[in-house]
Amino acid sequence: MIPIIKITNREKITPAHQMMTLLFSIMAGLFAIGLIFLAFGVNPVFAMMKIFTGSFGSMYGIKETVTKAIPLILIGVGLAIAFRAKFWNIGAESQLLMGAIFGTWVGLNWGPHLPAPMIIPLMFLAGFIGGALWGLIPAFLKIRFSINEVISTLMMNYICAEFLTFLIVGPWKGKTKFGFPYTDDLPASAILGVIPGSRIHYVTLIVALLVVFILGVIIYKTRFGYEVRVIGENPEAARYAGIDFFRTTLIIMAISGGVAGLAGVGEVAGIHHYLSYPASISSGYGFTAIIVAWLAKLNPFFVIVAGIFFAGILVGGDAIQISLGLPAATVQIFNGTLLVFLIMGDYFLKHRITFKNNRMPHGEPDPQ
């Protein structure tokens with residue numbers, strides 16, 4: 001008797017089925033994370049409570065959660081668009097950094113001569129252009145030379161990080177920073193205002209919400225959004241329908257990289273006020289936003305909730321590192337484990353797995 005595993009596509013997936021699968025995936029992921037906490041000798045229930053009370057249990061925690069949610073929402077909605085078209089953009093981290101580089105250049109060079117109502121939009125525009133151009137490179141490489149976008153976008157993260165480091169230790173090193181590897185501070189006109197008593201740069205928050213609304217409308221209400229969804233759901237049907245893969249892919253990656261660049265401008269102009277090392281500008285937002293997009297089921301509107309949820313994990317993760325003495329990689333372990341279960345849940349949602357016992361004729365030897 002030989003067990004046979006049969007995998008078939010599910011013909012109909014209801015919204016209720018999607019919601020149940022998502023909830024089960026999250027619960028299974030949290031259970032696995034609890035086992036990891038146990039391996040560290042930490043009570044998992046206590047650790048989970050510390051994470052969520054650290055991020056949502058105080059006004060300070062809520063403010064920090066919103067602050068970290070801003071780049072996650074921006075990057076997450078851009079990745080949701082790319083992933084919908086089956087373009088696996090793993091380079092949002094570098095697209096954020098490139099946006100920060102472009103925005104900083106505009107702020108340092110034009111900021112002293114222009115008022116805030118002019119320089120701030122120019123910085124965001126420059127950041128969008130920087131992230132978009134960086135995103136177009138792997139898109140072109142895939143279309144023209146069939147280079148896998150996972151590899152190219154991932155490798156470009158390291159290229160951009162080293163380029164930024166070169167700038168701040170070399171030609172852009174600030175004359176007012178006493179030899180430290182930072183640029184000079186942005187002029188006052190190029191610094192984003194924050195909500196009093198917090199680090200929430202409200203201009204970028206408004207931009208993030210507008211981007212979510214605009215991209216949500218584009219995806220669900222326009223011809224281009226329809227083309228993106230068709231490419232992701234059935235590439236052969238898209239080709240048969242005459243959809244221009246070259247144009248659509250370039251636009252998708254320009255949008256995905258561009259909104260990540262907006263997040264980079266927000267981090268520099270709203271939080272740091274100067275350009276510094278890559279790890280200081282971004283706390284791994286480009287990678288965490290991948291999980292945000294998956295948790296949102298690639299729906300631009302759901303990215304807001306998913307972004308706040310994972311921002312809370314980042315803030316709460318910092319809290320448990322201090323209070324429980326856990327290693328700094330705890331948050332990455334948490335995020336990575338949850339991503340694995342979300343991907344598994346998505347696979348089982350779209351595929352049905354059945355087991356059959358294949359009875360061998362009496363006396364016939366096993367074909368193995």
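Just above, that's the structure.
This section reports on the structure supplied with the text.

The rules behind the values
- Residues numbered from 1 in each chain as written.
- Predicted model: local features only at pLDDT ≥ 70, side-chain atom pairs only at ≥ 80, totals over all residues.
- Heavy atoms only, no water.
- Core = buried A, V, L, I, M, F, W, Y, C linked by side-chain atoms within 4.5 Å.
- Buried < 20%, exposed > 50% of the residue type's maximum accessible area, 1.4 Å probe, protein only.
- Helix = DSSP H or I, 4+ residues; strand = E, 2+ residues; numbered from the N terminus.
- Contact = heavy atoms within 4.5 Å.
- Axes fitted to C-alpha atoms, helices over the stretch in contact; angles between N-to-C directions.
- Parallel < 35°, antiparallel > 145°, perpendicular 65-115°, else oblique.
- Left-handed = near helix turned anticlockwise from the far one by under 90°.
- Nonpolar A, V, L, I, M, F, W, Y, C, P; charged D, E, K, R; others polar.
- Salt bridge = Lys/Arg side-chain N within 4 Å of Asp/Glu carboxyl O.
- 1 Å grid on protein atoms, 1.4 Å probe; cavity = no way out; pocket = protein on both sides within 12 Å on 5 of 7 lines; lining within 4 Å.
- Points joined across faces, edges and corners; volume = space filled by probe spheres on them.

### Section: the nonpolar core
- If you look at the biggest cluster of nonpolar residues, it comprises 92 residues, and the most contacted ones within it are Phe37 and Ile75.
- Residue contributions to this core peak at 11 residues, all from helix α3 (residues 59-84).
- Setting aside anything within four residues of it in sequence, one finds isoleucine 75 in contact with Ala92, Leu96, Ala260, Ala263, Tyr285, Gly286 and Ala289.

### As for the environment of threonine 53
- Here threonine 53 shows up in helix α2 (residues 44-56).
- A relative accessible area of 43% means that threonine 53 is categorised as partly exposed.
- Placed 70 residues apart in sequence, threonine 53 and methionine 123 show a C-alpha to C-alpha distance of 36 Å.

### Here we look at the packing of helix α4 (residues 92-110) against helix α12 (residues 285-295)
- Between α4 and α12, whose axes approach to 7 Å, the crossing angle comes to 130°. When the axes of α4 and α12 are compared, the pair comes out oblique. Along this stretch, α4 crosses α12, giving a crossing that reads as right-handed. Counted together, Ala92, Glu93 and Leu96 of α4 and Tyr285, Gly286 and Phe287 of α12 form the full contact between these two elements.
- In the contact of α4 with α12, the residues fall into 4 nonpolar, 1 polar and 1 charged.

### Thoughts on the pattern of salt bridges
- Using the criterion set out here, one finds 7 salt bridges in the structure.
- As a salt-bridge pair, arginine 199 and glutamate 64 come within 2.8 Å of each other at their nearest N and O atoms. Here arginine 199, found in the loop between α6 (149-169) and α7 (202-221), pairs with glutamate 64, found in helix α3; they are 135 residues apart in sequence, far enough to count as distant.
- Among the salt bridges present, the one from arginine 223 reaches glutamate 227, with a minimum N-O distance of 3.3 Å. Of this pair, arginine 223 and glutamate 227 both sit in helix α8 (residues 223-233), separated by 4 residues, roughly a single helical turn.
- Of the residues examined, arginine 223 reaches a relative accessible area of 64% and is grouped as exposed.
- Under the relative-accessibility criterion, glutamate 227 is labelled buried at 4%.
- Residues joined by salt bridges that share partners form a network here, namely Arg223, Glu227 and Arg247.

### Quick look at empty space enclosed by the protein
- On inspection of all chains with the given rule, the structure shows 2 cavities of 30 Å³ or more.
- Empty space within the largest cavity amounts to approximately 60 Å³.
- Taken together, Ile33, Ile36, Phe37, Phe40, Thr330, Ile333 and Phe334 make up the full set of residues lining the largest cavity.
- Among the secondary structure elements, those contributing two or more residues to the lining of the largest cavity are α1 (15-39) and α14 (330-350).

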